[in-house]
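Here is what each chain is made of, one letter per residue.
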Amino acid sequence: MEFENVYILNCCEEVIPHANATDIEEERRLFYVAITRAINNLNIYAPKTLRGRFTETSPFIKELEFKGEPEEKSKLNKGDKIFHKSHGEGEIVSLKDDVVEIEFEDGVKRKFSLSILFLNRLIEVKE
């Protein structure tokens, strides 16, 4: 069976894999089955806190070896014109690490996480 959207919640240590798991390989297999059943969208949520305590990301996430930043993210420069799906057209005012500041046509400056913008396809670079 496959699904249009798959959500894996609380993907942190002691939850995935569970703290009381007796067979770590079975837990890993179940995680793999979950991520391979997504047809269009795979959403993995790993909160920084859970039940009021700080948590570490699941070791299974670390094993996935993500290939890094989207290619578009590294091509951005100060002064580039962009289109944001909610705020419209704007211009990049500053870039530092994962934070981008954009001034929109209405004169309002907003800061965003580049990773979130590209991951959720909220921004397009205008040619």
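Definitions and cut-offs
- Residues numbered from 1 in each chain as written.
- Predicted model: local features only at pLDDT ≥ 70, side-chain atom pairs only at ≥ 80, totals over all residues.
- Heavy atoms only, no water.
- Phe/Tyr/Trp six-rings, centres within 6.5 Å; stacked < 30°, edge-to-face > 60°.
- Buried < 20%, exposed > 50% of the residue type's maximum accessible area, 1.4 Å probe, protein only.
- Core = buried A, V, L, I, M, F, W, Y, C linked by side-chain atoms within 4.5 Å.
- Helix = DSSP H or I, 4+ residues; strand = E, 2+ residues; numbered from the N terminus.
- Contact = heavy atoms within 4.5 Å.
- Salt bridge = Lys/Arg side-chain N within 4 Å of Asp/Glu carboxyl O.
- Pairing = 2+ DSSP bridges.
- UniProt positions renumbered as here; feature names shortened; annotations may be inferred.
- Expected span 1.5 Å × (residues − 1).
- Polar contact = N/O pair within 3.5 Å; in protein donor to acceptor, adjacent residues only side chain to side chain.

## Re the packing of aromatic side chains
Centre distance and the angle of the planes are the two values used to describe a pair of aromatic rings.
1) Next: Across all of its chains, the model carries two aromatic pairs by this definition.
2) Next: Between Phe104 and Phe112, the aromatic rings sit 6.2 Å apart at their centres with planes inclined by 90°, giving edge-to-face as the arrangement.
3) Next: Under the relative-accessibility criterion, Phe104 is labelled buried at 3%.
4) Next: According to the relative accessible area criterion, Phe112 is buried, its value standing at 17%.

## Looking at the nonpolar core
1) Next: In this structure, Leu76, Ile82, Ile92, Val100, Ile102, Phe104, Phe112, Leu114, Leu117, Phe118 and Ile123 together form the largest nonpolar core, which totals eleven residues.
2) Next: Elements supplying a minimum of two residues to this core: strand 7 (99-104) and helix 4 (114-119).
3) Next: Non-local contacts of Ile102, meaning those with residues more than four positions away in its chain, are made with Ile82, Gly90, Glu91, Ile92, Val93, Val108, Lys109, Arg110, Phe112 and Ile123.
4) Next: One finds Ile8, Cys11, Phe31 and Phe60 within the second-largest nonpolar core, a separate group that totals eight residues.

## Points about the pattern of salt bridges
1) Next: Overall, the coordinates contain five salt bridges when judged by the stated rule.
2) Next: Measuring nitrogen to oxygen at the nearest pair gives 2.5 Å for the salt bridge that ties Glu25 to Arg28. In this pair, Glu25 and Arg28 both sit in helix 1 (residues 24-36), three residues apart, roughly one turn of the helix.
3) Next: With a relative accessible area of 48%, Glu25 lands in the partly exposed category.
4) Next: Close ionic contact of Glu91 with Lys81 constitutes a salt bridge, the shortest N to O distance being 2.7 Å.

## Examining the pairing of strand 8 (residues 109-113)
1) Next: The pairing of strand 7 with strand 8 spans five bridges and is antiparallel. Bridge pairing in strand 8 links Val100 to Phe112.
2) Next: Linking strand 7 back to strand 8 in an antiparallel pair, the connection comprises four residues, with Gly107 at a positive phi of about 90°.

## Points about the UniProt feature "domain: UvrD-like helicase C-terminal" (unreviewed entry) in the chain
1) Next: UniProt's entry tags residues 1-44 with the feature "domain: UvrD-like helicase C-terminal" (unreviewed entry), counted in the numbering of this structure.
2) Next: Counting secondary structure, residues 1-44 comes out at 30% helix and 30% strand; the distance between its end C-alpha atoms is 19 Å.

## Some points on helix 1
1) Next: In a regular helix each residue adds 1.5 Å, so 13 residues correspond to 18 Å; helix 1 covers 18 Å between its end C-alpha atoms and thus fits that length.
2) Next: Among the residues of helix 1, the N-terminal cap falls to Asp23, whose side-chain oxygen and the backbone nitrogen of Glu25 are separated by 3.2 Å.

## Quick notes on unusual backbone geometry
1) Next: Cis geometry marks the peptide bond from Ile16 to Pro17, where omega comes out at -5°.
2) Next: Within the secondary structure, Pro17 is located in the loop between strand 1 (3-8) and helix 1.
3) Next: In this model, Glu14 sits at a positive phi of 75°, which is unusual for a non-glycine residue.
4) Next: If you trace the backbone, Glu14 turns up in the loop between strand 1 and helix 1.
5) Next: At Arg51, a residue that is not glycine, the phi angle is positive and equals roughly 55°.
6) Next: Topologically, Arg51 is positioned in the loop between strand 3 (49-50) and strand 4 (53-54).

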